[in-house]
Every structure is written in C-alpha cells, then in structure tokens.
Amino acid sequence: MLQDITNFFREMPVTHYLAGGLCSTKEPTLAFFIGHEQIEALAAGVRGGIGYETSVQRASDAPPLANGQSSLANGKASRTLSRKLTARYRLRKNVKHLFVVDADKKDRFFDVNTLERLRQKSIAAALEEMHENPQQIFGSWPEENPFRWAILNREIGFGGETSPRLDEPLLIFGMADELCASFESWSQTQGASITAILPLPIAVLAWCNNTLATKDRDSLIVVATEQGAVSAAFKRRSLIYISQEETASDAFSVLEREIDDLGLERPVRYLWALTEAEERRSIPEDLVIIDEENIQRISGQSLALQEGHGKRVKHDRPLAHLLNWLTQQ
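Residues numbered from 1 in each chain as written. Predicted model: local features only at pLDDT ≥ 70, side-chain atom pairs only at ≥ 80, totals over all residues. Heavy atoms only, no water.

Colleague: Help me get a handle on the packing of helix H8 (residues 200-211) against helix H11 (residues 318-326), residues and values and all.
Modeller: One way to put it is that H8 packs onto H11 with a least axis distance of 10 Å and a crossing angle of 80 degrees. With respect to H11, the element H8 is oriented roughly perpendicular. Along its contact with H8, which presents Leu-200, Ala-203, Val-204, Ala-206, Trp-207 and Asn-210, the element H11 presents His-321, Leu-322, Trp-325 and Leu-326. Grouping the amino acids of the contact of H8 with H11 by side-chain chemistry returns eight nonpolar, two polar and no charged. (Axes fitted to C-alpha atoms, helices over the stretch in contact; angles between N-to-C directions. Helix = DSSP H or I, 4+ residues; strand = E, 2+ residues; numbered from the N terminus. Parallel < 35°, antiparallel > 145°, perpendicular 65-115°, else oblique. Contact = heavy atoms within 4.5 Å. Nonpolar A, V, L, I, M, F, W, Y, C, P; charged D, E, K, R; others polar.)

As structure tokens, then:
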C-alpha cells in the first residue's frame, strides 16, 4: 500500500499540481522564478504578493536551477530558506511552493492538438498513453528522457477539470521528469507542499489570455526567454497554435506565415520578453511590448512589494506581475 502511494506521487502529472494537489488550502505561497543563473521569489498571502526577493540563488539552501543543477551556494543554514522568508514577511510557517521554470528546450514540450487527432477518447487516456508510450502519441520520442505531462483546455485555465469535445483544441505540455523531481525533492527538505511546476512560456501565455484583450481580438503572442522563443496564436480566447523557435524574430515570422491558414482576422501582436536586451529588429512595427513601462496600463495595477531590507519597492517588471497573478489562481 505504501509503495502504491509513493508511486502515485512520483508519477502524477503536472495537472494534479495545478489543481492544488489532493486538497486546496489557504497556506501562504512562495512563488519561484527559476532561471539558469537567477532565482527570484515572491512571497504571497491569501490576497496576493507581500514580499519579493531578487537573488534567491545566493541562499545557502536555494532551489535547483533550471538546468537541474544546484546553485553556487554552499553550507547549511540554521533555518530553511522557506522558514526565513515566511518569518521575514510575517507569513504562516506552513507554506506552498510554486515553480515557474525557464527550462532548456530539450526539457520542455508544447503542442496544440485534439483528442480526435491523438486517437484518444479522454484526457485521462491521453495522459496515460503519453506517460507509458509517448512514441504512440508523438511519433518519435527519446525513450531515455521521461517527461511529466499535462493537458489544459484551449483557454489555458488552471485548476479545473475539462471534458472537451473530441475535436476541441487542447494545450499539451510536458517537462522532464528529472527536472520536476529535483524541485519536489528540494520542497520536501523545506517541509513545503507544491502547488505547481510550470514552464515559463505556459505561465506567461495563461497570464496573457487572462489579462490581455484576447476575448475581443485575435492575438499573436511571442514569449522570448533565455532559452528561445515560443510563438502562440489565439482566436479570441482559444489557443489554436504554439511552436518553439530560436528568436523572437523567427517566432513572429512563423506566425505571419500561419495567419491565413489559422483563419485569424487582423490579429494584435504582443511580445513578452524576459530581458530588456531582447533583439527587437525585424519584428512587427505595430507590436505591443509587455514591459515595465506599460505593465500598469495592461494589468490595471502597480505592485509595491516589501524587500529584505524592510522597505516597500515598486516591482513592475512583467515577471513580478506574473508570479503575483499565479499565486491568486
């Protein structure tokens, strides 16, 4: 019996995290952005963000980096990082973790598909087949690289069950099992439960579909990170296309070629870039850039969050808004 329970927790798909695990409670949340060199954290209570840490990777017991490696921090602290942050921001000790990971391209997979094309009768059957025999679903798959899988509805809604029609577009995404396990193991040492482990581009697209005017206009959205660019097309609020490219320019070029085939009408073009240095030449002139300058107009609010020194600081980088939004889903 114990072994069966252990196997269940090891193999459960990412969607189980998105629904809040076995039960949904009101513990405070530590939301981590995990990059290859940088780790940031937002501490949130029931009503949203309270504190923000910009360099968590320097902590003595920091989370693993996005490549699965430990950070450069050494030594063992008298208190865990989670306990330090909950004490610093006066949150309850019992805490949940949420990870948003800018994973290597080889460690993530995105697709828009239907149960009909996958030749599956239900989401549960599709997830089981992906776990046991992904070659049957995707045609080819490296057997030595097991993934965790999730399927979300076309509006990228978190936390709810979906019963789609067989011909309804669905978002399929996965992350390398080994990478997910590294965060699970770290959270266990912190005495915390996990709310979600999400690839950064999927988290951003969910935020965009919730926050931007996608219900009124067709949209082309590119998410540019240090690991490449992800291009997505929304027909009103429905995600109908997703792909991975090398650069933002490549992503927009691909989307422009797909407009007619996707049946999009005068789509609005958006760019969400992780860094300000993102190359912006050869991309549409009518582009709406989601950045610190216009995030307040887009999201309708500005974030003032306490930092470790005790003062409240304005945090209007899109990443901070993304983490804050996720903690409230």
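Moving on, there is more to tell.
Colleague: Mind laying out the pairing of strand S9 (residues 219-225), listing which residues take part and the relevant values?
Modeller: With respect to burial, S9 is a largely interior element, seven of its seven residues being buried. Neither face of S9 is exposed, since Ser-219, Ile-221, Val-223 and Thr-225 on one face and Leu-220, Val-222 and Ala-224 on the opposite face are all buried. As judged from the seven bridges shared by S9 and strand S10 (residues 228-235), these two strands associate in the antiparallel manner. Each residue of the ladder has a partner; that of Ser-219, found in S10, is Phe-234. A loop of two residues connects S9 with S10, the two strands running antiparallel in sequence. Sheet analysis places S9 next to strand S12 (residues 268-273), joined by six bridges and oriented parallel. Of the residues in S12, the one forming a bridge with Val-223 is Trp-272. (Buried < 20%, exposed > 50% of the residue type's maximum accessible area, 1.4 Å probe, protein only. Pairing = 2+ DSSP bridges.)

Colleague: Got a sec to walk through H11? Specific residues and values, please.
Modeller: Burial analysis of H11 places nine of its nine residues in the buried class, the great majority of the element. Taken together, the buried positions of H11 are Pro-318, Leu-319, Ala-320, His-321, Leu-322, Leu-323, Asn-324, Trp-325 and Leu-326.

Colleague: Help me get a handle on the pattern of salt bridges, residues and values and all.
Modeller: Scanning all chains against the criterion turns up 14 salt bridges. Ionic pairing is found between Lys-106 and Asp-107, a salt bridge with its closest N-O pair at 3.3 Å. By relative accessible area, which is 8% here, Asp-107 ends up buried. Salt-bridge contacts for Glu-184 lead to Arg-148; the nearest nitrogen and oxygen are separated by 2.9 Å. Here the residue Glu-184 occupies a position in helix H7 (residues 177-190), and Arg-148 occupies one in strand S6 (residues 147-152), the gap between them amounting to 36 residues. Given a relative accessible area of 3%, Arg-148 falls into the buried group. (Salt bridge = Lys/Arg side-chain N within 4 Å of Asp/Glu carboxyl O.)

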